[in-house]
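Below are the chains, spelled out letter by letter.
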Amino acid sequence: MSDTPLMISIEHVHKWFDDFHVLKDINLTVREGERIVIAGPSGSGKSTLIRCINRLEAHQEGRIMVDGVELTDDLKRIDAVRREVGMVFQQFNLFPHMTVLENCTLAPIWVRKMPQAEAEKLAMKFLERVKIPEQAKKFPGQLSGGQQQRVAIARALCMQPKIMLFDEPTSALDPEMIKEVLDVMVELAQDGMTMVCVTHEMGFARQVANRVVFMDEGEIVEEAAPEIFFSTPKNERTKAFLAQIL
Amino acid sequence: MQSVKWLRKNLFSDVWNSALTLFALWVIYISVPPLLDWAIFKAVWEGNGNTCREITSGACWPFVKANLGQFIYGRYPESELWRVNLTFVLGVAGLIPMLMPSAPAKKWNLIYLVVAYPLIAIVLLAGDRPGLVGVDTSLWGGLLVTLVVAVTGIVVSLPLGILLALGRRSDMPAIRMLSIAFIEFWRGVPLVTVLFMASVMLPLFLPEGVSFDNLLRCLIGVALFSSAYMAEVVRGGLQAIPRGQYEAARAVGMSYWQTMGLIILPQALRHVIPGIVNTFIGLFKDTTLVLIVGIFDLLGQVRAQLSDPNWAVPEGATTGYVFAALVFWVFCFGMSRYSVFMERRLNTDHRN
Ligand SMILES: Nc1ncnc2c1ncn2[C@@H]1O[C@H](COP(=O)(O)OP(=O)(O)O)[C@@H](O)[C@H]1O
Ligand SMILES: [Mg+2]
């Protein structure tokens, strides 16, 4: 992996919400095809960090480069980055007034200016990949949580992004639905997608992550390959966290 | 048997319920028969003012019949009435397919209704063009004026109200401040004052020789006034949309206007259909206020015809007002029913 190009580089990034210092000197690089899992206690700044990668949040100090584009206030750059970065949210955030198919074709049609027929073909391809092509004509409100999250993944994939961000994609799901979503994510990883996942699914981290990043109180406390991270964590806070969730 | 059971269960289930049922029956008994007598059985249906002076037991419908032309068209010249009728027909022809969810080509239909039709209507009604005789707006009156004021208010207030609501929630301080100032100014002033200002005060500020039409000034006043109300209704809808919807739209690279137009507004407006229709209904009834600046809407026209000595009859005023009320009620009730229909339809659309 160390020879593939850099997709994301985060250098000395700080962020404040008013006077609350939420990200403190964050440094992280992600190469093409790498899978990074971010873990850490609630409120440690994991969501804020990955939301900085597609500028849903703005950082105040440091530098974030995504696919060679530095994120600044420049809207053109932000849009360029967002076209290449897909995001999956904890609460799915599907558009409830549109069918599953329309959810998936919307951005390709309006942002990529793709003809409708082509966008629908593409959408069906990805809906098949997340194993729910038969739900294409339904509305999100008619689907189970697991199905909705898989639609959300398909929706993001329809923009054919180079990077996928996941913010606790299984935390809002009933236990019996977690696996169907994780299976889709594992397949995506096996296909070589560059992924940054905030998750507490340690089985998933073991199976697909190249590196696990542990955050606490706005800092990256530890960063290691999963076998090392789980067997011989160095930091006391990591140990305490692992003891709690494993 | 079934119906007795139903009565027992719904109307006489206990003492209190039975008492209420009996009270309701009593209210119906004392109010409905006299009303029917007045409006139908003891009313004057044929004749003229003299007939109505002799028979005073009920409504004087000949008054309405004889003045129906004025009630609908005001003093619009008789030979040009076809223009009003054509305008009306063209409007209905555009409106009906727009209101039917299954009718095709909504986009073109909308463009016709909000762009082409107003232009056609202005040319047809005012006729300031070669080949058509100009009809000064001081001759317009009756239902024509009521509809012109109401439709203008409705057509302008929805888009303008949406823009104001978006402006009020904008990240840009200048736009936000301007929107707030505009909305709070118009909401803080009674419509009567707005109309007076438009009709009496505004000409004083305009340079010598510049004058524009009294009706037009009132139309602008009414449109801006109702836009401020509409903005607050729409803002309520915007507030109901979770932040995740904005974020999901932005995350796939949609621009501000795409996010608003495709994701946020379609949902927000659905939430506030009752509020929007309520504002429309309020606006429709408020059009009667133009009377105070010398414009004769339906109600004003009814009052004007009452001062005709031929129709100085005991039941004339009541009959005229009941007629006006009935016409207003038909329009407002129609809007209300349509909004219920749309809400139901949208709810079954995406059951969630
Ligand atoms: N928009 C915001 N305004 C102010 N504080 C925020 C905002 N979003 C998050 N925070 C705070 O920042 C901290 C980190 O939040 P978050 O990144 O969501 O943590 P995590 O995802 O690790 O649980 C929390 O203390 C949270 O309360
Ligand atoms: Mg979080």
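To start, this report covers the structure provided alongside it. (Residues numbered from 1 in each chain as written. Chains lettered and ligands numbered in written order. Predicted model: local features only at pLDDT ≥ 70, side-chain atom pairs only at ≥ 80, totals over all residues. Heavy atoms only, no water.)

1. Here we look at the overall build of chain B
Next, step 1: Counting secondary structure elements, chain B contains 15 helices and zero strands.
Next, step 2: Out of the 352 residues belonging to chain B, those deemed buried represent 41%.
Next, step 3: For chain B, the proportion of contacts with a sequence separation of at least 24, taken over those separated by at least 6, is 67%.
Next, step 4: Entry remark: accessible area of chain B is about 19500 Å², with carbon and sulfur atoms responsible for 70%.
Next, step 5: In chain B, the 26 positive side-chain charges and the 20 negative ones have mean positions that sit 13 Å from each other. (Helix = DSSP H or I, 4+ residues; strand = E, 2+ residues; numbered from the N terminus. Buried < 20%, exposed > 50% of the residue type's maximum accessible area, 1.4 Å probe, protein only. Contact = heavy atoms within 4.5 Å. Areas by Shrake-Rupley, 256 points an atom, 1.4 Å probe, with all protein chains shown as cover. Lys, Arg positive; Asp, Glu negative; His and termini not counted. Charge placed at Lys NZ, Arg CZ, Asp CG, Glu CD.)

2. Brief notes about the interface of chain B and chain A
Next, step 1: Listed as interface residues are 21 residues of chain B and, on the opposing side, 24 residues of chain A.
Next, step 2: In total, about 2000 Å² of surface goes out of reach between chain B and chain A, with carbon and sulfur atoms giving 61% of it.
Next, step 3: Together, Ala251(B), Val252(B) and Leu262(B) form the three largest contributors to the area buried by chain B at its contact with chain A, with a combined 25%.
Next, step 4: The tally of links between chain B and chain A comes to one salt bridge. (Buried area = accessible area lost by both parts, 1.4 Å probe. Salt bridge = Lys/Arg side-chain N within 4 Å of Asp/Glu carboxyl O.)

3. A look at the side chain of Asn93(A)
Next, step 1: Within the secondary structure, Asn93(A) is located in the loop between strand E6 (85-88) and helix H3 (100-110).
Next, step 2: You can call Asn93(A) buried: its relative accessible area is 11%.
Next, step 3: A distance of 3.3 Å separates a polar atom in the side chain of Asn93(A) from the backbone oxygen of Gly244(B).
Next, step 4: Beyond its immediate sequence surroundings of up to four residues, Asn93(A) is in contact with Arg155(A), Gly244(B), Gln245(B) and Ala248(B). (Polar contact = N/O pair within 3.5 Å; in protein donor to acceptor, adjacent residues only side chain to side chain.)

4. Brief notes about the site of ligand 1
Residue and element names in this part refer to chain A.
Next, step 1: The environment of ligand 1 is made up of Phe17, Phe20, Val22, Pro41, Ser42, Gly43, Ser44, Gly45, Lys46, Ser47 and Thr48.
Next, step 2: In the model, an oxygen atom of ligand 1 is placed 2.7 Å from a nitrogen or oxygen of the Gly43 main chain.
Next, step 3: Contact with the protein chains hides 61% of the accessible area of ligand 1, taken as 560 Å² for the molecule alone.
Next, step 4: Of all the secondary structure elements, the ones that give two or more residues to the shell around ligand 1 are strand E2 (20-31) and helix H1 (46-53).
Next, step 5: Here the shell around ligand 1 takes three residues from H1, the largest share from any one element.
Next, step 6: For the shell around ligand 1, the residue count by class is four nonpolar, six polar and one charged. (Near = heavy atom within 4 Å. Nonpolar A, V, L, I, M, F, W, Y, C, P; charged D, E, K, R; others polar.)

5. Details of the sheet that holds strand E1 (residues 6-17) of chain A
Residues and elements named next belong to chain A.
Next, step 1: Taken together, four strands build an open sheet; the order of strands is E2-E1-E4-E5 and the sheet is antiparallel. Unpaired on one side and paired on the other, E2 and strand E5 (69-70) mark the two borders of the sheet.
Next, step 2: Judged from the five bridges that link them, E1 and strand E4 (residues 61-66) form a sheet pairing that is antiparallel. Bridged to Ile8 within E4 is Val66.
Next, step 3: Docked against the sheet, H1 engages E1, E2 and E4, running at close to 125° with respect to E1. (Pairing = 2+ DSSP bridges. Axes fitted to C-alpha atoms, helices over the stretch in contact; angles between N-to-C directions.)

6. Things to note about the environment of Ala117(A)
Next, step 1: Of note, Ala117(A) is situated in helix H4 (residues 116-129).
Next, step 2: Spatially, the C-alpha atom of Ala117(A) lies 9.4 Å from that of Thr105(A), the residues being twelve residues apart in sequence.

7. Describing the state of the cysteines
Put plainly, two cysteines are in a disulfide when a covalent bond ties their sulfur atoms together.
Next, step 1: Tallying each qualifying case throughout the model produces one disulfide over all chains.
Next, step 2: At a sulfur-sulfur separation of 2.0 Å, the disulfide partner of Cys52(B) is Cys60(B). On the sign convention where negative means left-handed, the S-S torsion of about 85° between Cys52(B) and Cys60(B) marks this disulfide as right-handed.
Next, step 3: Cysteine Cys52(A) shares no disulfide, and the gap to the nearest cysteine sulfur, in Cys197(A), comes to 17 Å.
Next, step 4: Residue Cys52(A) is classed as buried on the basis of its relative accessible area of 1%.
Next, step 5: Since its relative accessible area comes to 2%, Cys197(A) is described here as buried. (Disulfide = S-S within 2.5 Å.)

8. With respect to the packing of helix H10 (residues 214-239) of chain B against helix H13 (residues 273-286) of chain B
All names here are of chain B.
Next, step 1: Where H10 meets H13, the closest approach of the two axes is 10 Å, and the angle between their N-to-C directions is 160°. Taken together, the axis directions place H10 and H13 in an arrangement best described as roughly antiparallel. For H10 against H13, the interelement crossing comes out right-handed. Taking contact as the criterion, the partners of Val222, Ser226, Tyr229, Met230 and Val233 in H10 are, on H13, Gly275, Ile276, Thr279, Phe280 and Leu283.
Next, step 2: Residue composition of the contact of H10 with H13, grouped by class: seven nonpolar, three polar and no charged. (Parallel < 35°, antiparallel > 145°, perpendicular 65-115°, else oblique. Left-handed = near helix turned anticlockwise from the far one by under 90°.)

9. Side note on the nonpolar core
Next, step 1: Counting 90 residues, the largest nonpolar core has Ile10(A), Ile38(A) and Ile263(B) as its most contacted members.
Next, step 2: In terms of residues, this core owes the most to one element, helix H15 (residues 316-349) of chain B, which gives eight residues.
Next, step 3: Beyond its immediate stretch of four places on either side in the chain, Ile263(B) contacts Phe95(A), His97(A), Met98(A), Leu106(A), Gln245(B), Ala249(B), Met254(B) and Gln258(B).
Next, step 4: Membership of the second largest hydrophobic core comes to 53 residues, among which are Phe126(A), Met177(A), Met193(A) and Met202(A). (Core = buried A, V, L, I, M, F, W, Y, C linked by side-chain atoms within 4.5 Å.)

10. A short note on the packing of helix H4 (residues 61-73) of chain B against helix H14 (residues 298-306) of chain B
Residues and elements named next belong to chain B.
Next, step 1: Relative orientation of the contacting elements H4 and H14 amounts to 125°, with a least axis distance of 10 Å. When the axes of H4 and H14 are compared, the pair comes out oblique. The handedness of the crossing between H4 and H14 comes out as right-handed. For the pair H4 and H14, the contacting residues are Phe63, Asn67, Gln70 and Phe71 in the first and Leu298, Gln301, Val302, Gln305 and Leu306 in the second.
Next, step 2: Residue composition of the contact of H4 with H14, grouped by class: five nonpolar, four polar and no charged.

These values are about where atoms sit, not about what they do.
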